[in-house]
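So the chains spell out like this:
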Amino acid sequence: MGLRKTFDKWEPAFRKGGKLHAFGSFFEAFETFVYVPKTVTAKGAHVRDSIDLKRTMSAVMLALMPAILFGMYNIGYQTSLAGEFDWGFWKMVWYGFLKLLPMYLVSYIVGLFFECLFANIRNEEVSEGYFVTGLIIPLIMPVNVPLWMLALAVAFAVVIGKEVFGGTGMNIWNPALLARAFLFFAYPRQMTGDDVWVAGVDGFSGATPLSQMAASGSVDYSVADMFFGFIPGAVGETSTLAILIGAVILLWTGVASWKIMLSCVAGGLLVGLLGDVPCYYQLIMGGFAFGCVFMATDPVTSAQTEVGKWIYGFLIGAFAVCLRLFNPGYPEGMMLAILVMNTFAPLIDHMVVSGNIRKRLKRAQTV
Amino acid sequence: MSEQIRLKKGLDIPVAGAASQTIAKTVSADIVAIKPTDFRALVPKMVVKEGDRVLAGDPLFVDKNRPQVCFCSPVSGTVDAVVRGDKRKLLEVRVKADGKMEYRRKKAAVPASMTKEKTAARMLDMGLWPMVIQRPYGIIANPDDSPKSIFISAMDTAPLAPDYDFVLQNRFDDVQTGIDVLSKFTKGGVHFSMNYYTCPSSEFKKLRGVIFHEFEGKHPAGNVGVQINHLSPINKGEIVWTVDLLSVAMIGKAFNDGIYDATRLVAVTGPAAKNPAYVNAIQGAPMSAFADFFDSSENVRLVSGDILTGENVGPEGFLGFFDNQVTILKEGDYYETFGWCKPFRTKKFSFSHTYWSWLAGRKKYDMDTNTNGGARPFVVSDVYGKVLPMDIYPVYLAKACLAKDIEKMENLGIYEVLPEDLALCEFVCPSKVGIQQIISDGIDLMLKEMA
């Protein structure tokens, strides 16, 4: 327990009035990362459930792993395919790893810096929310995004998207999606088009299924390729299979709402019937699956009431496919659909809760 | 015919240390204490001084706003100490027992032949009135009110709760008389809720003059507040009364035998209790009387009541006014290296499926008081609803309480809840939000604003 002693020795310096008090939040965050704190219940229930936000977020991070691992492989695979390099499996994975690592470094260093800074200003504990956000952000970016842009987007998402509202739990929009939306509107050239999806081969045009559909109304990739993920696209979104494994983990642990996932798929399929391609294509193309499983279900920005979740999920799926089919400007609609429904989630909840209030008032009148 | 109501939501916390149904011993209470803090919004006024001699059933203090409501000594002896806290707030009145147990005696009375006023006068006189609790707010009832109905729960689903059929064995007549007394006060009837599974074998099924209900479900199905919510929810402006079954028996005894008999079987429970069992004890008994049940060299917490709603009274403390349970827990003041990310942690219980305990069947857990994580803002949204079988949105109600928005609190159902009804929400909360305190503060605010 040498480390414990070191913590105990340094702890007074970080307390209020200590020399290093300015870094108290950093210290606290690191200490509770290593050790479950020894705090005991002071008021209310004397025992507490073993779950905390760290555990909840760990489950989400675990669920993201298949998508990350496949994403790494697919970066290499797409490059090898485009440049006709004929790489082996490990070479592809290694190439993808080298591409993804700097993105993660930037995402975590910039994001956690602002998280800790604001936690310090507010004198709160550093919340765990960013561990998941930071893991998601690189996954929804094109692999060729310049790192300085990524840094800018992360800073925007954390500061404007989350901290100005009061930090974790208070934000209106999903921070990861906000990072993507920021770049999408600020630097559209680097975020869309056909030449941002494949790394390392200059001038190569790797059209995603969605851009093919937008351009010609049909898709050249096979269903199997789209389902398993051997297609160009944002890093983590291509493999529906990897995302489904994540979905199983999220549903098994109960961390994400099955109601949102199910209704989102239902909404997507229903509107998908109006398109030229089979409606289930909508689920395996682009960011639909990733958004549905990992971002629509964000408990903070989704609807909070159980009835509201059905409505919220359904409308995300429906809007996303609507945008894909009927908006010539943007081939992909998932990001905007989720952000729009994030905006309306409080309204949906308000309506559901108002129903409860009306019921209560009516009961009082009839007696 | 009784009505059966099945509640699906809820959780029986699988904590180890249930009391075996044996009476281990009779504890001798040297000093007992009555605590005004056991009653919400009570302003007490002393009527005895330190050194005064009292009989069991003599008043110690009264409600300053309604002096006819008095609180009696459970034992005969001398007033030992009047303990005050900040701003001279009265915390405890301690009485040193003389060991003779002399009662202040009244004639036996038959409630059937008494008017409502006479019944109320006798209850007030004998210190029984504080046992009648009014909802909304959970305060001592006003003897002048006529409540919509009166509710009694004979089903205690709280963790490790004592078994009413065991602690009230041979007290059937007292309970019946108590019910006869209470039925004087309402036209809406005395509602008596029992456990669907155990009621066929229960003696209380034979009670007369009550409306039976049968509930089936996990905690908090036994909470009288949850039961009211399903039987006849409280609307704005309505008043119902609740009396716990133990107090019903005390009220009955005071009419049958003319004494304030505060002796009771107390369940000593909890994961840190040695040989948990029942003991013969008394209202306000000191924790030192339970010293045989725990290892004093260990850092344990002594709770008067259950693990969800009880009070941490410490080794020098006393049993609460209404409590017939002591829970002994280890303090969880230890560090656990990388505890949150260990995949198994099979010794930890969680309602959520992020641990494996939901697959572990009927396993009991040696729980301690560690918070298992730091306090955070509300993040995860659907956990509270799973353990609250009421038509209420707990997070919205809590937020209305935090915002001190009276109208919203009313609309979202503050009249229908007490902190105890949301105690499980607090247990399962991943953000470790102190929701009982939030609701409690909300109710205090309502009391202040509505007065």
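The shown structure was predicted, so the numbers you read here are calculated from the model rather than taken from an experiment. (Residues numbered from 1 in each chain as written. Chains lettered and ligands numbered in written order. Predicted model: local features only at pLDDT ≥ 70, side-chain atom pairs only at ≥ 80, totals over all residues. Heavy atoms only, no water.)

(A) Spotlight on the overall build of chain B. Check the secondary structure of chain B and you find nine helices and 21 strands. Computed over C-alpha atoms, the radius of gyration of chain B comes to 22 Å, within 12% of the 22 Å expected from 2.2 N^0.38 for 451 residues, which places it in the range of a compact globule. Overall, chain B is about 65 × 50 × 50 Å in size when its C-alpha atoms are taken along their principal axes. Evaluated residue by residue, chain B yields a buried proportion of 62% over its 451 residues. In chain B, of all internal contacts separated by at least 6 residues, the share reaching a separation of at least 24 is 69%. (Helix = DSSP H or I, 4+ residues; strand = E, 2+ residues; numbered from the N terminus. Rg over C-alpha atoms; globule rule 2.2 N^0.38 Å. Buried < 20%, exposed > 50% of the residue type's maximum accessible area, 1.4 Å probe, protein only. Contact = heavy atoms within 4.5 Å.)

(B) Summary view of helix H6 (residues 394-402) of chain B. Residue and element names in this part refer to chain B. Along H6, the residues classified as buried are Pro394, Val395, Leu397, Ala398, Ala400 and Cys401. Against helix H7 (406-412) and helix H9 (435-450) lie the buried residues of H6. Two residues or fewer after H6 comes lysine 404, characterised by a positive phi angle close to 55 degrees.

(C) Quick look at the pattern of salt bridges. Residues and elements named next belong to chain B. Under the criterion given, the structure shown has 33 salt bridges over all chains. Across the pair arginine 104 and aspartate 58 runs a salt bridge, and its minimum N-O distance is 4.0 Å. Within this pair, whereas arginine 104 is found in the loop between strand S9 (90-97) and helix H1 (116-125), its partner aspartate 58 is found in the loop between strand S5 (53-54) and strand S6 (59-63), the two being separated by 46 residues in sequence. Salt bridges here are not isolated pairs; linked through shared partners, they connect Asp58, Arg104, Lys106 and Asp125. (Salt bridge = Lys/Arg side-chain N within 4 Å of Asp/Glu carboxyl O.)

(D) Just the sheet that holds strand S15 (residues 240-242) of chain B, in detail. Residue and element names in this part refer to chain B. Spatial ordering of the open sheet is given by S1-S14-S13-S12-S15-S10-S11, a layout of seven strands whose pairing is mixed. Since the sheet does not close on itself, it has two edges, and those belong to strand S1 (3-6) and strand S11 (139-140), each with one partner. Sheet analysis places strand S10 (residues 133-135) next to S15, joined by three bridges and oriented antiparallel. Its bridge partner being in S15, glutamine 134 is matched across the sheet by tryptophan 241. Against the sheet, helix H4 (residues 224-231) touches S1, S10, strand S12 (150-153), strand S13 (190-195), strand S14 (211-216) and S15, its axis set at about 125 degrees to S12. (Pairing = 2+ DSSP bridges. Axes fitted to C-alpha atoms, helices over the stretch in contact; angles between N-to-C directions.)

(E) Examining the packing of helix H3 (residues 53-83) of chain A against helix H5 (residues 129-139) of chain A more closely. Residues and elements named next belong to chain A. Packing of H3 against H5 brings their axes to within 9 Å, and their N-to-C directions diverge by 15 degrees. With respect to H5, the element H3 is oriented roughly parallel. For the element pair H3 and H5, the recorded crossing hand is left-handed. Contacts between H3 and H5 involve Met57, Val60, Met61, Leu64, Met65 and Ile68 on the former and, on the latter, Gly129, Phe131, Val132, Leu135, Ile136 and Leu139. Of the residues contributing to the contact of H3 with H5, the split by class is 11 nonpolar, one polar and no charged. (Parallel < 35°, antiparallel > 145°, perpendicular 65-115°, else oblique. Left-handed = near helix turned anticlockwise from the far one by under 90°. Nonpolar A, V, L, I, M, F, W, Y, C, P; charged D, E, K, R; others polar.)

(F) Just the packing of aromatic side chains, in detail. One pass over the full model with this rule turns up 41 aromatic pairs over all chains. Aromatic pair B:Phe61 and B:Phe71: ring centres 4.7 Å apart, planes at 20 degrees, arrangement stacked. Here the residue B:Phe61 occupies a position in strand S6, and B:Phe71 occupies one in strand S7 (residues 70-72), the gap between them amounting to 10 residues. Overall, B:Phe61 belongs to the buried group, its relative accessible area being 0%. Members of the aromatic cluster, each reached through a chain of ring pairs, are A:Phe70, A:Tyr73, A:Tyr77, A:Phe89, A:Trp90 and A:Phe230. (Phe/Tyr/Trp six-rings, centres within 6.5 Å; stacked < 30°, edge-to-face > 60°.)

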